[in-house]
Amino acid sequence: QSSVLDPIMETALRGSDPTASTGSPAKYQQADSGGHNATISAECLVRRATPEYEGFCRDHENVRESCQGRNRREECSVTFPDNVDITFDINSRNSSNDRRWQNSRCRTLWVSGMSEGFDQSKVDNGVAGFGDGFQTEYVAALHSALAHGLIAGGAADDDDDDDDSALLQPLLFVITPPSVTKLSSYFMYLNETLGVKIIHIHELSFQDLVYRSYPTYRTNGMIGYFTRLDIPKIIRRHELFNDPLICGTGYELGEHDDDTKINDRIVLYTDNDVLFVNPLTRAQLDVLKRPLIADREKILMYGQDYLIDRAKPSNTGVMLIDVMGLEREMPSLLEFGERLGEQGKFPEHDQLLINHYYADPRKWKRENLLLPVQYNWKVYWHIIDPVMLAKDIVMIHFHGPKPGVGVEEIATCDIASLGPSGGNDDNTTTTNSTAPASRFVDIYKKLMTHAICCDGGKTAATVNQRYQSYKKRYSDDMKDQM
């Protein structure tokens, strides 16, 4: 990637003067292991870099009292284990395989899922609303990819499209009740303006298994969370790997000999609530794919949840998926789900199902890989170095707090919004005892407090600025079409 900082990121992180100090009281040192080890000074709060916010988090009484004691290493520091390196060795390929790797102009399928036509009011997610909503979040994700040249834009089905520079081909599975035969104009916008291939489906191959444990999913749309598990079947049914633009062209699903294994049938899956904050290069994507392609047993690569230094993958919001490997594993995964269902323990969404399935360390180490953190960074993680956000972090995932439901409160260090306890893990009361009850569930409050106390909200503030700019592009497009 270029060493020149993104202007918006640079302004947000360093103020108007690019040479100015960030003003952070944190002290950082690089670990000899090649990872990054952040140690913090006695003052945990990292004031935001933009001049208008300088000192806000540090001086605000409620924040100061709520964050007492959070300068402990386990609260605020970030440690990258040796196997999670922020850098890439793009020259580490086996030279004998270079010819097979260099299908340099194909597009990797970027898959997401969404539901429409269900009664979302019946979804009890414990939060007052879904923030901006899945549709707006997904449009922002697409515009962020377009801004960095990762997708081509324009009509997805345009046969005259000769743009071979795009790295990704967005693909959206939209699941609706059988009564919905036509999708809304929103999806036409995705297809015609942003080049998204839309596949409309009415059912998943295994949805009866889910409905037996969660009958309300038939009407509230929560079945949409499970769409990623049907990626192999949908790709096969629609012959998506036969598209000459798509990486994986000509490879039959279900063939597992060595010659086909070295070929690229890897797809990128993301939740709707992600944002590209820096370019993803073809070389980086190749390096991520390499271990999945070279090892026939590897199936998934995904990242961490709250605990950034945990070596076991747990958050499936961003995944690289070996399509043939997942197809091969699905019967066993569904059989495992059947057993859980019989015990009344079937997970409420597929991330939990995957994590339970891979609870045995021997199995997940054999079949899964840990996605480097810069591809699934969270707004509540303590930033190690401002340059990371401006240059190294590729994708932000709004896991937990989202725009419209938590991110703004983090960005403005609004500790009062977390309720009388101020978001303390032990639920002790701060001086803000007259504050109204919080609209955030406990897990949101924990993540938000961590972000405010240990990051000063600067990651959320910077990313939210970018998110709002992409959201505005969508609203401007809608106005132009009226």
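Rules used in this analysis
- Residues numbered from 1 in each chain as written.
- Predicted model: local features only at pLDDT ≥ 70, side-chain atom pairs only at ≥ 80, totals over all residues.
- Heavy atoms only, no water.
- Helix = DSSP H or I, 4+ residues; strand = E, 2+ residues; numbered from the N terminus.
- Buried < 20%, exposed > 50% of the residue type's maximum accessible area, 1.4 Å probe, protein only.
- Contact = heavy atoms within 4.5 Å.
- Areas by Shrake-Rupley, 256 points an atom, 1.4 Å probe, with all protein chains shown as cover.
- 1 Å grid on protein atoms, 1.4 Å probe; cavity = no way out; pocket = protein on both sides within 12 Å on 5 of 7 lines; lining within 4 Å.
- Points joined across faces, edges and corners; volume = space filled by probe spheres on them.
- Nonpolar A, V, L, I, M, F, W, Y, C, P; charged D, E, K, R; others polar.
- Pairing = 2+ DSSP bridges.
- Axes fitted to C-alpha atoms, helices over the stretch in contact; angles between N-to-C directions.
- Phe/Tyr/Trp six-rings, centres within 6.5 Å; stacked < 30°, edge-to-face > 60°.

1. As for the overall build of the chain
Regarding its fold elements, the chain presents 19 helices and twelve strands. For the chain, with 482 residues in total, the buried portion stands at 55%. Sequence separation of 24 or more characterises 77% of the internal contacts of the chain that already satisfy a separation of 6 or more. Approximately 20,500 Å² of the chain is accessible, and the part contributed by carbon and sulfur atoms is 47%.

2. Thoughts on empty space enclosed by the protein
Taken as a whole, this structure holds five cavities of 30 Å³ or more when the rule is applied. By volume, the largest cavity is sized at about 70 Å³. Every residue lining the largest cavity is listed: Leu229, Ile299, Leu300, Met319, Leu326, Glu329, Leu333, Ile354, Tyr357 and Tyr358. Only α13 (323-342) and α14 (350-357) provide two or more residues apiece to the lining of the largest cavity. In terms of residue class, the lining of the largest cavity is made up of nine nonpolar, no polar and one charged.

3. Points about the pairing of strand β8 (residues 300-303)
Side chains Leu300 and Tyr302 project from β8 onto one buried face, and the interleaved Met301 and Gly303 project onto a second face that is buried too. The sheet contact formed by β8 and strand β9 (residues 315-322) spans four bridges and is antiparallel. Considered in β9, the bridge of Gly303 is made with Asn315. Summarising the sheet, β8 and strand β10 (residues 368-370) pair through three bridges and their orientation is parallel. Note on β10: the bridge partner recorded for Leu300 is Asn368.

4. A few points about the sheet that holds strand β3 (residues 108-115)
Spatial ordering of the open sheet is given by β5-β4-β3-β6-β9-β8-β10, a layout of seven strands whose pairing is mixed. Two strands close off the open sheet at either side, each with one partner strand: β5 (197-201) and β10. Between one strand axis and the next, the sheet turns by 25° as a mean value, whatever way the strands run. As defined by bridge partners, strand β4 (residues 168-175) adjoins β5 across five bridges and the pair is classed as parallel. Along β5, the bridge assignment pairs Leu171 with Lys197. Relative to the sheet, helix α7 (residues 185-194) contacts β3, β4 and β5, its axis offset from that of β4 by approximately 170°. Each of β3, β4, β6 (266-270), β8, β9 and β10 touches helix α12 (residues 282-294); the most contacted strand, β9, lies at about 65° to it.

5. Side note on the packing of aromatic side chains
Two measures describe an aromatic ring pair: the distance that separates the ring centres and the angle between the ring planes. On inspection of all chains with the given rule, the structure shows 13 aromatic pairs. Measuring from centroid to centroid gives 6.4 Å for Phe206 and Phe226, while their planes differ by 70°, and the two rings are edge-to-face. With Phe206 in the loop between β5 and α8 (207-213) and Phe226 in the loop between α9 (217-220) and α10 (231-237), this pair connects stretches of sequence that are 20 residues apart. Judged by its relative accessible area of 6%, Phe206 falls in the buried class. A relative accessible area of 0% means that Phe226 is categorised as buried. Aromatic ring contacts, followed pair by pair, group Tyr186, Phe187, Tyr189 and Tyr474 into a single cluster.

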